[in-house]
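Here are the chains, one letter per residue:
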Amino acid sequence: DVQMTQSPSTLSASVGDRVTVTCRASQNIDDWLAWFQQTPGKAPKLLIYKASTLDSGLPSRFSGSGSGTEFTLTITSLQPDDFATYYCQQYDSYPWTFGQGTKVEIK
Amino acid sequence: QGHLVQSGAEVKKPGASVRVSCKISGYILIELSIHWVRQAPGKGLEWMGSFDLEDGERIYAQQFQGRVTMTEGASTDTAHMELSSLRTEDTALYFCAIPAPGRDVLDYWGQGTLVTVSS
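These numbers come from a predicted model, not from an experiment. (Residues numbered from 1 in each chain as written. Chains lettered and ligands numbered in written order. Predicted model: local features only at pLDDT ≥ 70, side-chain atom pairs only at ≥ 80, totals over all residues. Heavy atoms only, no water.)

K.L.:
How do you make sense of the interface of chain B and chain A when you look at a structure like this?
P.N.:
Reports often express the size of an interface as the amount of accessible area lost when the parts come together. Contacts between the two partners involve 19 residues from chain B, matched on the other side by 19 residues from chain A. Interface area, chain B with chain A, both sides summed: about 1,600 Å², of which 70% is carbon and sulfur. Three residues, Leu-45, Trp-47 and Val-105 of chain B, lead the burial of chain B against chain A; their summed loss comes to 35% of the area buried on that side. Across the contact surface, chain B and chain A share one salt bridge. In this structure, the salt-bridge partner of Arg-103 of chain B is Asp-55 of chain A, at a minimum N-O distance of 3.5 Å. The tally of links from chain B across to chain A stands at three residue pairs in polar contact (both at pLDDT 80 or more). Taken together, the elements giving at least two residues each to the side of chain B that touches chain A come down to strand 4 (33-39), strand 5 (46-52) and strand 9 (92-98) of chain B. Tallied by class, the residues present in the side of chain B that touches chain A amount to nine nonpolar, five polar and five charged. (Contact = heavy atoms within 4.5 Å. Buried area = accessible area lost by both parts, 1.4 Å probe. Salt bridge = Lys/Arg side-chain N within 4 Å of Asp/Glu carboxyl O. Polar contact = N/O pair within 3.5 Å; in protein donor to acceptor, adjacent residues only side chain to side chain. Helix = DSSP H or I, 4+ residues; strand = E, 2+ residues; numbered from the N terminus. Nonpolar A, V, L, I, M, F, W, Y, C, P; charged D, E, K, R; others polar.)

K.L.:
Would you explain the pattern of salt bridges in this entry?
P.N.:
Oppositely charged side chains can pair when the atoms bearing their charge come close. All names here are of chain B. Tallied over the entire structure, the rule returns nine salt bridges over all chains. Close ionic contact of Arg-67 with Asp-90 constitutes a salt bridge, the shortest N to O distance being 2.8 Å. Here Arg-67 is found in the loop between strand 6 (58-60) and strand 7 (68-72), whereas its partner Asp-90 is found in the loop between strand 8 (78-83) and strand 9, with 23 residues between them in sequence. Overall, the relative accessible area of 8% leaves Arg-67 in the buried class. In this structure Asp-90 comes out as buried when scored by relative accessible area, which is 1%. (Buried < 20%, exposed > 50% of the residue type's maximum accessible area, 1.4 Å probe, protein only.)

Below, the structure written as structure tokens:
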């Protein structure tokens, strides 16, 4: 199974900050990586797929990069709605696996 | 646009089984693969498996092999996930999710079904 490791686990930031979340895969997954945003009690929401493609209708302050085993999610100018937990997920091979999550909290 | 609506919360005793339903609109079920993901309280997301309704292939995560069954409902717009031999650690929010036709990524999600396992 491909293990996904995110860092940091928690990130404290302020509105307007630029934040970066890192995701590392235990083996090469090319660019078969998605990023999701989740708020408590709600379903995850797709943000980024194919490592760097922003899903339709989402603000351009979200961006993704990387390939192979190292990936990043960047949020420029953090907004109040962005305080949430973010998960990376590989869909290169079964079983699909998620990172453990990064909680972005208000500083 | 896909829209997924799941069945209501369940409370079960250890050893029992639970069936969670996922009603899908916006797409024809036969064109889809249905994925199930769960989240224990305060924990991360865990992929349980998938059911490709076009070719009938089911892929289950190893930790659920022998306990999980993913099926298509009698009606043409509903999928089910049944988990048997429930343990207290199966208490979680269970989600169904689908890629849009022709895509690989989980585009649309149900609202989640809370399953509580308690004696």
